[in-house]
Amino acid sequence: MAAKNRKPRLAVWKFASCDGCQLSLLDCEDELLAVAGAVDIAYFLEATRGAVRGRYDLSLVEGSVTTASDAARIQDVRARSRTLVTIGACATAGGIQALRNWADVKEYASVVYARPDYIQTLATSTAIADHVAVDFELRGCPISKRQLLEVISAMLAGRRPVTPPHSVCIECKLKGNVCVMVALGTPCLGPVTHAGCGAICPSYNRGCYGCYGPMETPNTLSLSDGLHKLGMDKRGLMQVYRTFNASAGPFREESDRHDG
Amino acid sequence: MTVKTIKVDYLARVEGEGAIKVVVRDGEVESAEFRIFEPPRFFEALLRGRAFTEAPDITARICGICPIAYQMSTVHAMENALGLAMTGPLRDLRRLLYCGEWIESHALHIYMLHAPDFLGYDGAIDMARDHGDAVRRGLALKKVGNEILSLLGGREIHPINVRIGGFYRTPRRRELEPLAERLKWAREAALETVHWVAAFDFPEVERDYEFVALRHTDEYPFNEGRIVSSRGLNITAGEYEDHFEETHVERSTALHSHLRERGAYLVGPLARYSLNFDHLSRLAQEVARDVGLGPKCSNPYRSIVVRAVEVLYACDEALRIIDGYVEPDLPAVAAEPCAGTGYAATEAPRGLLYHRYRLDADGTIVEARIVPPTSQNQASIEEDLVSFIGGSLDLPEDALRHRCEQTVRNYDPCISCSTHFLQLEIDRG
């Protein structure tokens, strides 16, 4: 994708987030130096003060848009990026900070800050794709570093990344996990949650809490019936979908169905 | 009058986004600002109305670099509200988990973020061209920390296995054995790290900080202890807000945390080490003495050496815990909700992390208060800039800017944690 005489330029951008998804790149302890050999890390402030201005072949974008200046900045990032990939739940769905979308952000500011009038923030936390065209979205809170390496490799090779959109249930079956919902009666979002983590929570005897967001065409209605039968009340049903991917379409719609 | 303004618009190699502004008038540093423009995410507001059981998963998301610190302060504050105290293997496993985070976070800072300042590189990837063996050792050391987090927590970032009352699943002894082998290697690598960083060139400066850290009766602090200071403070976490307050300083753009009686103070490795040297393992004490550190350290540039000693201690302590581990009968004790308020402070890699929660009878969170270490160190960071930059004003512009950055990076500032920082521009021209 880059001109033949130079390595492709990689940039990593941060919006409202915890830094965890970009840290996933530094957590590739065995692969980091190989990645650095294959690409020119042109802009990655968490890792280096050397910054190359100009255009980038691949931009990885972490975080959601919560301020007017960030809404302008993402336009600039898009204009200077040949390929733009969002990494993580904040960038793909607004993150946990999107809970403000159901609240009064001025009231939120008054709870946290002594001088809320100094706070400049938007009323909403929104996904990057709400602002600019996105070439690929990598799910997860946090993303899986294995999937991150797959996305970088695929994008540099000009092919589609392999990140199956099926549910966490399939990952449990592949691991041979006993179903925590059927066997233990533990509420689990696995049936409606996008795969990618490797079914970590059920492997540790707890229910999935949906940090990878909705799978392709999830049947949330049916799952909510099942959760209700396990004793989850209306508030529980509303909140169980309203966490790290609260503003992702199917989770938002299902949580709203149990609101009020 | 000559006026010179040094600006670093995007501070690199810190977690989150911040900037520095130093104003020089007639050859003297007049003021220094360490400015945070991380957008607020309002955690304390959005926690209200959630079940107490959800809190450790939510607060982990404040920081991807130190999620265990947030989870630990959260569960201990909740358990304080419910009248629970962890004992035996569950308590030990929480210490082991924290060892993993200290190793991972400190190795990241030492090798990837801070060492390049001392050796003259933009980042660790450039540094690897000339110091490949050191960078590979740092990455391997960081990986061992992450292996503890993966095994005990389920994954490195935002672990899923921590709950109020204990864990969802506790490890079998045989699962910990391979980890012990890795930790023996890591302990050697940590020893090499201490010697490696101790040989760097350090500006010979000191400041008379008031150190604040936890102190436990017989162990180096992670999750428990009284909050003590080098000037005689000695309180429980429940008394924290009687002694510390956050105020807005007009010239600055952020909330600063102060001791009500005395002003700026310091949390983090220097404070922890200087207040708890006697509780380090024998090996950690010996190597600290070998490299000339002494039982107290007031030079913030040497914080990289103290972090290396703490990595060594964390390896030692992790090995001790694994060696004595007895599998618990149950992964958690029952945590029944009740109305009340709970307080906790634990030692995040960057320093004291205070949480307070008020709960309803059914365990719904009514109020939350979180004070991260970087917010507490903000005043000391700015005072360091004012104190230390004056002697460097003759340096070329780029070198001077670099020295300012290095002075801030001494603190390993974790700006994403800074739920309390404000963004504000005041132009009084």
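No experiment lies behind these values; they were computed from the predicted model shown. (Residues numbered from 1 in each chain as written. Chains lettered and ligands numbered in written order. Predicted model: local features only at pLDDT ≥ 70, side-chain atom pairs only at ≥ 80, totals over all residues.)

## Let's talk about the overall build of chain A
For chain A, the count of helices and strands is twelve helices and five strands. Taken against the 2.2 N^0.38 rule, which gives 18 Å for 260 residues, the C-alpha radius of gyration of chain A at 19 Å falls within 12% of a compact globule. Its C-alpha atoms put chain A at 60 × 50 × 25 Å along the principal axes. Relative to its 260 residues, chain A shows a buried fraction of 54%. (Helix = DSSP H or I, 4+ residues; strand = E, 2+ residues; numbered from the N terminus. Rg over C-alpha atoms; globule rule 2.2 N^0.38 Å. Buried ≥ 20, exposed ≤ 12 C-beta atoms within 10 Å, placed from the backbone.)

## Topic: the overall build of chain B
The number of helices and strands found in chain B is 13 helices and 13 strands. For a compact globule of 429 residues, the expected C-alpha radius of gyration is about 22 Å, and chain B comes in at 21 Å, within 12% of that figure. The principal-axis extent of the C-alpha atoms belonging to chain B is close to 70 × 45 × 35 Å. Within chain B, buried positions represent 57% of all 429 residues. Within chain B, contacts between residues separated by at least 24 positions form 72% of all contacts whose residues are at least 6 apart in sequence. (Contact = placed C-beta atoms within 7 Å.)

## Side note on the interface of chain B and chain A
Contacts between the two partners involve 49 residues from chain B, matched on the other side by 49 residues from chain A. Breaking the side of chain B that touches chain A down by element, the ones donating at least two residues are α1 (43-46), α2 (55-60), α4 (88-119), α5 (124-130) and α6 (132-153) of chain B. Ranked by the residues each element gives to the side of chain B that touches chain A, the list is headed by α6(B), at five residues. Tallied by class, residues from the side of chain B that touches chain A come to 23 nonpolar, eleven polar and 15 charged. (Nonpolar A, V, L, I, M, F, W, Y, C, P; charged D, E, K, R; others polar.)

## Digging into α4(B)
Residues and elements named next belong to chain B. Over its 32 residues, α4 runs 44 Å from end to end, which matches the ideal 46 Å to within 8%, given 1.5 Å per residue. In α4, a bend of some 35° at isoleucine 110 exceeds every other bend along the element. Counting buried positions over the 32 residues of α4 gives 26, a clear majority of the element. Just beyond α4, the residue with positive phi is glycine 120, at close to 85°. (Expected span 1.5 Å × (residues − 1). Bend = angle between axes of the 7 residues up to and from the residue.)

## Structural notes on the pairing of strand β7 (residues 226-229) of chain B
Each regular strand displays side chains that alternate between the two surfaces of the sheet. Residues and elements named next belong to chain B. Side chains Ile227 and Ser229 project from β7 onto a buried face, and the interleaved Arg226 and Val228 project onto a face without burial. Where β7 meets strand β8 (residues 234-235), two bridges bridge the pair, whose relative direction is antiparallel. Looking at the pairing, valine 228 lines up with asparagine 234 of β8. Counting the residues that bridge the hairpin from β7 to β8 gives four residues, and of these glycine 232 lies at a positive phi of roughly 95°. (Pairing = 2+ DSSP bridges.)

## A word on the sheet that holds strand β11 (residues 340-348) of chain B
Residue and element names in this part refer to chain B. Reading across the sheet, the three strands line up as β11-β12-β13 and stay open at both edges, with antiparallel pairing between neighbours. Two strands lie at the open edges of the sheet, namely β11 and β13 (365-371), each paired on one side alone. The mean angle between the axes of side-by-side strands here comes to 15°, regardless of whether they run parallel or antiparallel. Of the strands in this sheet, β11, β12 (351-359) and β13 are in contact with helix α12 (residues 373-389), which crosses β12 at around 130°. (Axes fitted to C-alpha atoms, helices over the stretch in contact; angles between N-to-C directions.)

## Notes on the domain arrangement of chain A
Residue and element names in this part refer to chain A. The domain boundaries assigned to chain A delineate domain 1 (9-157) and domain 2 (168-257). The C-alpha centroid of domain 2 is placed 25 Å from the C-alpha centroid of domain 1. Each partner contributes to the interface: domain 1 provides 14 residues, whereas domain 2 provides 13 residues. The element best represented in the side of domain 1 that touches domain 2 is helix α4 (residues 89-93), accounting for three residues. A class-by-class count of the residues in the side of domain 1 that touches domain 2 yields six nonpolar, seven polar and one charged. (Domains from an automatic or database assignment.)

## A few points about the nonpolar core
Core analysis: the biggest nonpolar cluster contains 189 residues, and B:Ile103, B:Ala308, B:Val309, B:Val311 and B:Leu312 have the highest contact counts within it. Each of two domains, domain 1 (9-157) and domain 2 (168-257) of chain A, supplies a minimum of three residues to this core. Leave out the neighbours within four places in its chain, and B:Val311 touches B:Trp102, B:Ile103, B:His106, B:Ala107, B:Leu141, B:Ala190 and B:Thr193. Counting residues in each nonpolar core, the second largest holds twelve residues, with B:Ala32, B:Ile381, B:Leu385 and B:Val408 among its members. (Core = buried A, V, L, I, M, F, W, Y, C linked by C-beta atoms within 7 Å.)

## Observations regarding helix α6 (residues 145-157) of chain A
The periodicity of an α-helix, 3.6 residues per turn, causes residues three or four places apart in sequence to face the same way. Residue and element names in this part refer to chain A. Taking 1.5 Å as the rise per residue, α6 with 13 residues should run 18 Å; its terminal C-alpha atoms sit 18 Å apart, in good agreement. Buried residues along α6 sit against α1 (20-26), α2 (32-38), β3 (56-62), β4 (81-87) and β5 (136-138). Within two residues after α6, glycine 158 carries a phi angle of roughly 75°, on the positive side.

## Examining the packing of helix α3 (residues 67-82) of chain B against α4(B)
Residues and elements named next belong to chain B. Two elements in contact, α3 and α4, have axes separated by 9 Å at closest approach and are oriented at 150°. Considering their axes alone, α3 and α4 lie roughly antiparallel with respect to each other. Two packed elements cross with a definite hand, and for α3 against α4 that hand is left-handed. In this structure, α3 uses Ile68, Ala69 and Met72 to contact α4, whose residues at the interface are Arg94, Leu97, Tyr98 and Glu101. (Parallel < 35°, antiparallel > 145°, perpendicular 65-115°, else oblique. Left-handed = near helix turned anticlockwise from the far one by under 90°.)

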